[in-house]
Amino acid sequence: MTSRDTTLLLAAPITWADRLATPLAEIAPEFKVFVRDRDCYEPEAVDYVLGTGAAPGFLSTLPNLKLVFSLGAGVDGFLSDPYFPKQVPLVRFVDRNLSRAMTQYIVLQVLIHYRQQRLFDLAQAERKWEPMAPPRCTEETRIGILGLGEIGRKAGERLRDLDFDVAGWSRSRKALPGIESFAGADELKPFLSRTDILVCVLPLTPDTSGVLNQELFSVLPQDAFVINVARGGHLVERDLIESLDSGHLSGAALDVFAVEPLPKSSPLWTHPKVTITPHVAGVANPRAASLWVRDTVARYKSREPIANVVDFTRGY
Ligand SMILES: NC(=O)c1ccc[n+]([C@@H]2O[C@H](COP(=O)([O-])OP(=O)(O)OC[C@H]3O[C@@H](n4cnc5c(N)ncnc54)[C@H](OP(=O)(O)O)[C@@H]3O)[C@@H](O)[C@H]2O)c1
């Protein structure tokens, strides 16, 4: 391998690397692309890394690294590396289609819960015609979104447009029409105590790890429902099961787990109040990601500002 101006190393599972190969070759033919887990490459030649994360210390073995691209909106897969070379900017993928897919997932799970669809599915399986009382009206159903960033804000707007009573919690206060803003640790409890359906779209950082725990659930009103689309590390799974079994929470929809794939032995699989999806709420589109990498590298080379650079102090 010869050293080139634009050498991109794919630090992602082989399936992802395969999905990116064709669009990258079409969109950025000038890139020399190597797959970390398959190809031989010289560490000194690597200019850019695109991936979902890296083993601790790996990135610091690449002496000429210029930018790291996170293939997802979350960057915890990179920042869990205590040796991450912080002189190198880390850029995260913020994409209209990804935010739209996440919003669809959140709205879908809210509506499945709100319209009691799981009960109708059970009744259908037993050929039972069981009309149920309609749910209370949307204006009286309070949704709380943990994290009002790219995704949380868009999901909140769609849910507001369906006439739900929507609030969000973030570090800094927001001014979003029709969405009540709660900010900072002091306002977490008031936010939770007015939330019937809780949606977590926080980034996983030392501050937010394990935030979905027994103490937080106990502040939610009786029969609250929990949706986690952020990261498995936000949720203390044992605490969730306890709060479901005690009857305090009415159910949960989970897309992300502490260990993925979710082990077959996990009690979550068969829990009657839990809906499970295999981390599919929002998946990066390979073509859109390839365009983003090409354009960002061009901006970097011409010394133009780059969007969505991670703030290492905040951790997202
Ligand atoms: N399941 C999936 O397939 C999937 C797909 C994509 C993304 N995700 C997850 O979704 C997460 C959110 O993505 P995003 O693009 O919306 O992120 P983002 O734009 O960075 O927004 C993060 C939000 O969380 C808030 N926040 C962060 N730390 C906080 C804290 N300690 N206390 C209170 N609020 C805090 C931020 O507050 P400020 O606004 O005040 O900064 C911001 O509103 C990602 O990190 C990723 O883990 C999952």
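The text that follows walks through the structure, step by step, so that each part is easy to find. Fair warning: this is a prediction, and the values are worked out from it, not measured in the lab. (Residues numbered from 1 in each chain as written. Predicted model: local features only at pLDDT ≥ 70, side-chain atom pairs only at ≥ 80, totals over all residues. Heavy atoms only, no water.)

Some words on the packing of helix α1 (residues 14-27) against helix α9 (residues 286-301)
For any two helices packed against each other, one specifies the inter-axial angle together with the distance between the axes.
Right, on to step 1. Look at α1 against α9: their axes get within 9 Å of each other, and the N-to-C directions meet at 55°. Classified by the interaxial angle, the pair formed by α1 and α9 is oblique. The element α1 and its partner α9 pack so that their crossing is right-handed. Of the residues in α9, those in contact with W16, R19, L20, P23, L24, E26 and I27 of α1 are P286, R287, A289, S290, L291 and R294. (Axes fitted to C-alpha atoms, helices over the stretch in contact; angles between N-to-C directions. Helix = DSSP H or I, 4+ residues; strand = E, 2+ residues; numbered from the N terminus. Parallel < 35°, antiparallel > 145°, perpendicular 65-115°, else oblique. Left-handed = near helix turned anticlockwise from the far one by under 90°. Contact = heavy atoms within 4.5 Å.)

Notes on the sheet that holds strand β7 (residues 165-170)
Right, on to step 1. The strand order across the open sheet built from seven strands is β8-β7-β6-β9-β10-β11-β12, with neighbouring strands paired in parallel fashion. Across the chains shown, the open sheet's two edge strands, defined by having one partner strand only, are β8 (179-183) and β12 (274-276). For this sheet the average axis-to-axis angle between neighbouring strands, irrespective of direction, equals 15°.
Right, on to step 2. Relative to β12, strand β11 (residues 249-254) runs parallel, the two being bridged by three bridges. Note that in β12 the partner of A252 across the bridge is V274.
Right, on to step 3. Packed onto the sheet, helix α3 (residues 96-114) meets β6 (142-146), β9 (197-200), β10 (224-228), β11 and β12 and runs at close to 155° relative to β10.
Right, on to step 4. Relative to the sheet, helix α8 (residues 237-245) contacts β11 and β12, its axis offset from that of β11 by approximately 145°. (Pairing = 2+ DSSP bridges.)

Let's talk about the nonpolar core
Right, on to step 1. Formed by 29 residues in total, the largest nonpolar core has its most connected members in L146, F191, L212, F217, L220 and L240.
Right, on to step 2. Going through the elements one at a time, β7, α6 (188-193), β9, α7 (214-219), β10, α8 and β11 are the ones with two or more residues in this core.
Right, on to step 3. Ignoring sequence-local partners within four residues, the contact set of L146 consists of W169, L188, F191, L198, V199, C200, V201, L202 and L212. (Core = buried A, V, L, I, M, F, W, Y, C linked by side-chain atoms within 4.5 Å. Buried < 20%, exposed > 50% of the residue type's maximum accessible area, 1.4 Å probe, protein only.)

Quick look at unusual backbone geometry
Right, on to step 1. A cis geometry characterises the amide bond from E260 onward to P261, with omega recorded as -5°.
Right, on to step 2. Along the chain, P261 falls in the loop between β11 and β12.
Right, on to step 3. At Q116, a position not held by glycine, the phi torsion is positive, near 55°.
Right, on to step 4. Relative to the helices and strands, Q116 resides in the loop between α3 and α4 (117-125).
Right, on to step 5. According to the relative accessible area criterion, Q116 is partly exposed, its value standing at 25%.
Right, on to step 6. One non-glycine residue, D223, lies in the positive phi region at around 75°.
Right, on to step 7. Counting through the fold element by element, D223 comes out in the loop between α7 and β10.
Right, on to step 8. For D223, a relative accessible area of 46% corresponds to the partly exposed category.

Points about the site of the ligand
Right, on to step 1. Among the 29 residues in the neighbourhood of the ligand, the closest are listed as R92, E150, S172, K174 and Y316.
Right, on to step 2. A distance of 2.5 Å separates an oxygen atom of the ligand from a polar side-chain atom of S172.
Right, on to step 3. Elements with a minimum of two residues in the shell around the ligand: α5 (150-161) and β7.
Right, on to step 4. Within the shell around the ligand, the residues separate by chemical class into 13 nonpolar, eight polar and eight charged. (Near = heavy atom within 4 Å. Polar contact = N/O pair within 3.5 Å; in protein donor to acceptor, adjacent residues only side chain to side chain. Nonpolar A, V, L, I, M, F, W, Y, C, P; charged D, E, K, R; others polar.)

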